[in-house]
Structure formats: C-alpha cells, structure tokens
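Secondary and tertiary structure notes
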Amino acid sequence: MSDRTRVLVVDDQPLIRHSLRLVIDGAPDLTVVGEADTGATAVAQAARLRPDVVLMDIRMPDGDGIDATRGIVADPALAGTRVLVLSMFELDEHVHAALRAGASGFLLKDAEPERLVDAVRRTRAGESLFAPSILQRLVAHYLDRSGPARPARGPDVLTERETEVLTQVGRGLSNDEIGTALTISRGTVKSHIGSLLAKLHARDRAQLVIAAYEHGLVGSAGDALSAPGS
C-alpha cells in the first residue's frame, strides 16, 4: 500500500533486525523497506530509500547511530525522514547526543511491540516519543541546568494559545490528548504545532519539548510523566 509508513531498520545484530522487521511488518499501516548494520550503511540506505522513519541503534561499527542520525538530518533530501533511536541503555549522554543530532525520540529496546508500533506512528506524525524513564531524566537535566526555578512564560513570539499547546507538548501529550485537554480539534492542534515549529525554528516536536522545558512551561519531571502516552 502506498500510504504505509516506510521504515528503515538499523542495528548491527541480525536477530534484532529480524525481530524489528516482524513487528513492523505485522502492522497493517507500516512496512520495512530496508535494513542496515552500520552507521555508514544507514546513511547510504536512507539516501537511497528515503524512508519515513529510521529505527536507529546507537552502538554500531563504522560510524555509530549518533553520527548516522546527524548525517541523515543534515541531508536536505531527507527533510521528511524522522529518526527514532532504539537502545538497550538509557544513559544520559546517549539521550542528549541523540537529541542534539536531530533524533525525534528515544525508546528502549525492551519496549512492548505495541509501544514500538505506536512510536513509529507517532514519529511519522511528527510527535516526539520518549520512554517514561528517559523523559523524566531529560526534564530533570534541563531543570537542573537552568538553576533556580523561573516563572513559566512562553517565548514572546507565541500567542497565548500557542503557549498552552507548547506546554502540553512539553508534558508529552499526543495531538489527540492536547485537543482533549484544551477542548480544540485535532486539526487545530496540528495547525498550532506547525506554527510553533516555524516560530521557534524547531525541526521537529522533540525540539519543541526542549523549548517547553527551557522556558519553564514544564515545572517538574512529574508534570511530564503525568501525561498519558508520554
């Protein structure tokens, strides 16, 4: 089907690639279009196949997943490709490096198959996706770095409604959940997200999440973890 989300699976272990393929191909709206076992191959395959989502391992030979993510994000021809990092580890340096490289989310490999499928769908839709424990550490990192708590205040370029939407994004809510929380339609949420991306010069939703932290719109790690689907 032409409307299926096209996925590139990147991992240096054949068994893991095979397992991920089975999970992805088992979903009616997803399909694996290729595989790669090194960072360099991942960049080459992404350029050739132009997938919608890349499931990216971190520790690989010949260029790790962070370098590969950076290479994919830097390619103008792959502006529509999103990278979802998969790792056995939730080390802070991996999370921060992946986000700096342009990844749209970070998920642990022990996630349930249903959560992986949902993560691919949300990543394709432009929604950031973090494992709850990783989101907690990410929030704590930015709160600690910012020093004393600041009054919550959105960027000056945003409207009041856009600030409200940015706050919900920072809490990890999906578009549907934001619509319910603010009593607006899903289409209106998507319109506001598009405006936020443009005004804040953000590549994707993950960068909006960080912006929400940096502007004090998310007051604690508990705020983010209380959100369903985070």
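Residues numbered from 1 in each chain as written. Predicted model: local features only at pLDDT ≥ 70, side-chain atom pairs only at ≥ 80, totals over all residues. Heavy atoms only, no water.

Attention shifts here to the pattern of salt bridges. Using the criterion set out here, one finds 11 salt bridges in the structure. One salt bridge in this structure joins Lys109 and Asp57, with 3.1 Å as the shortest N-O distance. Within this pair, whereas Lys109 is found in the loop between strand S5 (105-108) and helix H5 (113-124), its partner Asp57 is found in strand S3 (residues 53-57), the two being separated by 52 residues in sequence. What makes Lys109 partly exposed here is its relative accessible area of 23%. We note a salt bridge from Asp67 to Arg70, for which the minimum N-O separation is 2.9 Å. With Asp67 and Arg70 both in helix H3 (residues 65-74) and 3 residues apart, the pair spans about one turn of that helix. (Salt bridge = Lys/Arg side-chain N within 4 Å of Asp/Glu carboxyl O. Helix = DSSP H or I, 4+ residues; strand = E, 2+ residues; numbered from the N terminus. Buried < 20%, exposed > 50% of the residue type's maximum accessible area, 1.4 Å probe, protein only.)

Sheet faces and side chains relate simply in a regular strand, where the side chains alternate between the two faces. Most of strand S2 (residues 30-36) is tucked away, with 5 of its 7 residues classed as buried. Considered for its hand, the β-α-β crossover made up of strand S1 (residues 5-10), helix H1 (residues 14-25) and S2 is right-handed. (Right-handed = clockwise from strand over helix to strand, strands pointing away.)

Two elements in contact, helix H7 (residues 160-170) and helix H9 (residues 186-199), have axes whose closest approach is 10 Å; the angle formed by their N-to-C orientations is 90 degrees. Here H7 lies roughly perpendicular to H9, going by the angle between them. On H9, the residues touching Arg161, Glu162, Val165, Leu166 and Val169 of H7 are His192, Ile193, Ser195, Leu196 and Lys199. Across the contact of H7 with H9, the residue classes break down as 5 nonpolar, 2 polar and 3 charged. (Axes fitted to C-alpha atoms, helices over the stretch in contact; angles between N-to-C directions. Parallel < 35°, antiparallel > 145°, perpendicular 65-115°, else oblique. Contact = heavy atoms within 4.5 Å. Nonpolar A, V, L, I, M, F, W, Y, C, P; charged D, E, K, R; others polar.)

Attention now moves to the nonpolar core. Generally speaking, nonpolar side chains in soluble globular proteins are found buried as a group. Val10, Val54, Met56, Ile72, Val85 and Phe106 are the most contacted members of the largest nonpolar core, which totals 26 residues. Those elements that provide at least two residues to this core are S1, helix H2 (39-49), S3, H3, strand S4 (82-87), helix H4 (92-101), S5 and helix H10 (205-214). The greatest single-element share of this core, amounting to 5 residues, is contributed by H4. Residues within four places of Ile72 in sequence aside, it is in contact with Ala42, Val43, Ala46, Val54, Met56, Leu78, Thr81 and Val83. Counting 18 residues, the second largest nonpolar core, distinct from the first, contains Leu158, Leu182, Ala212 and Leu217. (Core = buried A, V, L, I, M, F, W, Y, C linked by side-chain atoms within 4.5 Å.)

Our next topic: the pairing of S4. With 6 of 6 residues buried, S4 lies mostly within the body of the structure. Alternating positions in S4 separate into two faces, Arg82, Leu84 and Leu86 on one and Val83, Val85 and Ser87 on the other, with burial throughout. Judged from the 5 bridges that link them, S3 and S4 form a sheet pairing that is parallel. Residue Val54 lies in a different strand from S4, and its bridge partner there is Val83. Read as a crossover between parallel neighbours, the route from S3 over H3 to S4 is right-handed. When S4 meets S5, the two strands line up parallel, connected through 4 bridges. Note that in S5 the partner of Leu86 across the bridge is Leu107. (Pairing = 2+ DSSP bridges.)

Quick look at the confidence of the model for the protein now. In this model, the protein carries an average pLDDT of 82, and 80% of its residues clear a pLDDT of 70 or more. Below pLDDT 50 for its whole length, residues 147-152 participates in 8 contacts with residues either more than four positions away or in separate chains. The low-confidence segment residues 224-230 (pLDDT under 50) makes 25 contacts with residues lying over four places distant or belonging to another chain. (pLDDT = per-residue confidence, 0-100.)

Within the element layout of this structure, Thr5 appears in strand S1. Residue class for Thr5 comes out buried when judged on its relative accessible area of 7%. At 3.0 Å, the side chain of Thr5 forms a polar contact with the side chain of Arg124. When residues no more than four places from it in sequence are discounted, the contact partners of Thr5 are Asp29, Leu30, Thr31, Asp52, Val53, Val120 and Arg124. (Polar contact = N/O pair within 3.5 Å; in protein donor to acceptor, adjacent residues only side chain to side chain.)

Because each turn of an α-helix spans 3.6 residues, side chains separated by three or four positions in sequence point in the same direction. Here H5 spans 17 Å end to end across 12 residues, near enough to the 16 Å set by a 1.5 Å rise per residue. Residues of H5 that are buried include every one of Leu116, Val117, Ala119, Val120, Arg122 and Thr123, and no others. (Expected span 1.5 Å × (residues − 1).)

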